[in-house]
Amino acid sequence: MSDTLIKIKNLSKVYHVKEKAFYAKRALHALTDIDISIKRGETLGLVGESGCGKSTLGRCILRLEEPDCGSVFYDGEDILALNDEAMRRKRRQMQIIFQDPASSLNPYMKVRDLIGEGYKIHGIFKGKDEIEENVKELMAKCGLKEDMLSRKPHEFSGGQRQRISIARALAVKPSFIVCDEPVSALDVSVQAQIINLLVDLQEEFELTYLFISHDLKLVEQISDRVAVMYLGRIMELKSADKIGEEPVHPYTRALLASTLDTAANGKDDAAKEDIVLEGDIPSPIDPPKGCVFHTRCFMKKDKCTREIPSLKEVRKGHYAACHFI
Ligand SMILES: Nc1ncnc2c1ncn2[C@@H]1O[C@H](COP(=O)(O)OP(=O)(O)OP(=O)(O)O)[C@@H](O)[C@H]1O
Ligand SMILES: [Mg+2]
């Protein structure tokens with residue numbers, strides 16, 4: 001059995017959008033030439049500023065969105081080649097948890113049916129009692145009480161709702177889960193509980209995670225490796241282990257400096273670099289030529305305005321897309 005569960009090659013996604021009414025549609029480059037693998041059992045963290053393409057990548061891997069080109073291999077199988085029925089079956093192995101369970105959970109359904117729905121769709125358990133038993137077991141594993149079975153999502157707190165969506169995703173016994181900002185909408189104390197739950201469940205069910213967040217510190221804490229995205233491209237990919245593995249890409253360094261700036265943790269100040277990320281993120285409709293990051297880069301040279309840097313290995317297992325590293 002190969003180490004790699006998911007292999008993404010040259011994946012690109014373009015949306016065609018109108019900037020204003022009556023204007024012609026223009027190409028928005030949400031993902032460009034993404035090449036990345038996710039190892040079996042690992043948590044790959046995916047970070048970057050809002051709009052850089054994190055959710056689009058997660059959705060393309062699950063084929064909730066059709067990429068324009070490239071391939072996605074799941075356990076060696078090219079899933080972009082699967083027909084609807086084969087993909088429907090495949091999706092049982094691949095689930096997604098969203099940031100806002102209030103909008104992703106059907107408000108009219110009871111917890112029992114929300115969690116048990118997957119059992120019915122995929123024909124995992126058929127009898128009512130069997131389904132109920134398994135729903136209860138899953139609820140207990142996710143920290144939900146049995147007396148919540150007949151209640152509806154609006155009766156719960158944000159953290160409990162997220163537990164419901166986690167139980168719902170787990171019901172179909174997936175191997176891979178895209179966690180798309182699963183704790184961003186929660187209070188800090190609740191965030192830690194949900195993160196701990198995800199970590200425990202990963203161990204128990206041997207899950208592989210793609211963990212999406214805009215918070216580099218959080219992602220580094222819970223991931224095995226971290227990929228950093230900017231304007232639809234992977235800028236850096238490294239182990240999350242900080243010792244000897246400081247980020248090298250100017251964008252990641254700037255991102256880290258801005259996180260430490262806002263963190264009220266004095267200890268981190270020593271590690272803080274004095275880098276300010278200037279200007280706004282450019283539009284993916286008209287991304288900068290050459291390196292997409294050059295318009296905000298403190299290391300920029302002439303070459304960066306002309307040539308796109310490829311993601312190259314700078315140390316073992318550590319990749320960066322920069323001409324000057
Ligand atoms: N269905 C869509 N139609 C048109 N444009 C889209 C669509 N979905 C996403 N986009 C655009 O694609 C780009 C990437 O969006 P995406 O949602 O993947 O970013 P993100 O990194 O997940 O951002 P956030 O951190 O805010 O969730 C953005 O410019 C977004 O506006
Ligand atoms: Mg997103």
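Before going into details, it helps to say that this report is about the structure given with it. Computed from a prediction, not measured in an experiment: that's the story for all the values here.

1. Considering the overall build of the protein chain
What the protein chain contains, in helices and strands, is nine helices and twelve strands. For 325 residues, the compact-globule formula gives about 20 Å, and the C-alpha radius of gyration of the protein chain, at 21 Å, lands near that figure. For the protein chain, the spread of C-alpha atoms along the principal axes amounts to about 70 × 50 × 50 Å. Taken across its 325 residues, the protein chain has 38% of its residues classed as buried. When contacts within the protein chain are restricted to residue pairs at least 6 apart in sequence, those whose partners lie at least 24 apart make up 63%.

2. Examining the sheet that holds strand β5 (residues 77-78)
The four strands are arranged β2-β1-β4-β5 in an open sheet whose pairing can be described as antiparallel. Two strands lie at the open edges of the sheet, namely β2 (25-39) and β5, each paired on one side alone.

3. Section: the site of ligand 1
Close contacts around ligand 1 come from 14 residues, with Tyr-15, Ser-50, Lys-54, Ser-55 and Thr-56 the closest. Counting residues per element, the shell around ligand 1 draws most heavily on helix α1 (residues 54-61), which supplies three residues. Each residue belonging to the shell around ligand 1 can be placed in one class, and the counts come to six nonpolar, seven polar and one charged.

4. A word on the sheet that holds strand β11 (residues 312-315)
Hydrogen bonds between backbone groups are what pair the strands of a sheet, and the pairing can be parallel or antiparallel. Taking strand neighbours across the sheet as the criterion, the eight strands line up as β6-β7-β8-β3-β9-β10-β12-β11 in an open arrangement whose pairing is mixed. The sheet is open, and its two borders are formed by β6 (94-97) and β11, each paired with just one other strand. When strand polarity is set aside, the average angle formed by the axes of neighbouring strands in this sheet is 25°. As paired strands, β6 and strand β7 (residues 176-180) are joined by four bridges and run parallel to one another. Among the inter-strand pairings, Met-94 is bridged to a residue of β7, identified as Phe-176. Sitting on the sheet, α1 is in contact with β3 (43-47), β6, β7, β8 (208-213) and β9 (225-230), with an inclination near 155° to β8.

5. Here's the deal with helix α4 (residues 111-121)
Within the span of α4, buried status applies to Val-111, Leu-114, Ile-115, Gly-116, Gly-118 and Tyr-119. Close packing links the buried residues of α4 with α5 (128-141) and α6 (158-170).

6. Some thoughts on unusual backbone geometry
For Asp-33, which is not a glycine, the phi torsion comes out positive at approximately 50°. Summarising the element assignment, Asp-33 is placed in strand β2. Positive phi, normally seen in glycine, also occurs at Asp-75, with a value near 55°. Tracing the backbone through its elements, the reader meets Asp-75 in the loop between β4 (69-74) and β5.

7. Points about the pairing of β8
With six of six residues buried, β8 lies mostly within the body of the structure. Burial along β8 is two-sided: Thr-208, Leu-210 and Ile-212 facing one way and Tyr-209, Phe-211 and Ser-213 facing the other are all buried. Pairing of β3 with β8, which is carried by five bridges, proceeds in the parallel orientation. Paired with Thr-43 across the two strands is Tyr-209, which belongs to β8.

8. Let's talk about the environment of Ala-169
Considering the arrangement of structural elements, one finds Ala-169 in helix α6. Given 23 C-beta atoms within 10 Å, Ala-169 falls into the buried group. Ala-169 sits 74 residues away from Gln-95 along the chain, and the two C-alpha atoms are 5.8 Å apart. Those residues in contact with Ala-169 that lie beyond four places of it in its chain are Gln-95, Ile-97, Pro-174 and Ile-177.

9. A word on the packing of α4 against α6
Orientation of α4 relative to α6, taken along the N-to-C sense of each, is 30°, at an axis distance of 7 Å. As summarised for this structure, α4 and α6 are arranged roughly parallel, according to the angle between their axes. Between α4, through Val-111, Leu-114, Ile-115 and Gly-118, and α6, the contact on the second element is made entirely by Ile-164, Ala-167 and Arg-168. Considered class by class, the residues forming the contact of α4 with α6 number five nonpolar, one polar and one charged.

10. Some points on α5
Between the first and last C-alpha of α5 there are 20 Å, a value that for 14 residues agrees with the 20 Å anticipated at 1.5 Å per step. Ile-131, Val-135 and Met-139 are the residues of α5 that are buried. In a view along the axis of α5, the buried residues occupy a sector of 70°, so they form one face of it. For α5, the exposed residues lying more than 90 degrees away from the buried face are Asp-129, Glu-130, Glu-133, Glu-137 and Ala-140. Tucked inside the fold, the buried residues of α5 contact α4 and α6. Gly-143 occupies a position one or two residues after α5 and carries a positive phi of about 75°.

11. Overview of the pairing of β3
Counting buried positions over the five residues of β3 gives five, a clear majority of the element. Side chains of β3 alternate between two faces, with Thr-43, Gly-45 and Val-47 and Leu-44 and Leu-46 buried alike. In this sheet, β9 lies alongside β3 in parallel orientation, the contact comprising four bridges. In the strand pairing of β9, Gly-45 is matched with Val-226.

About the cut-offs
Residues numbered from 1 in each chain as written. Chains lettered and ligands numbered in written order. Predicted model: local features only at pLDDT ≥ 70, side-chain atom pairs only at ≥ 80, totals over all residues. Helix = DSSP H or I, 4+ residues; strand = E, 2+ residues; numbered from the N terminus. Rg over C-alpha atoms; globule rule 2.2 N^0.38 Å. Buried ≥ 20, exposed ≤ 12 C-beta atoms within 10 Å, placed from the backbone. Contact = placed C-beta atoms within 7 Å. Pairing = 2+ DSSP bridges. Near = placed C-beta within 6 Å. Nonpolar A, V, L, I, M, F, W, Y, C, P; charged D, E, K, R; others polar. Axes fitted to C-alpha atoms, helices over the stretch in contact; angles between N-to-C directions. Parallel < 35°, antiparallel > 145°, perpendicular 65-115°, else oblique. Expected span 1.5 Å × (residues − 1). Arc of directions from axis to C-beta.

Read these as geometric descriptors, not functional statements.
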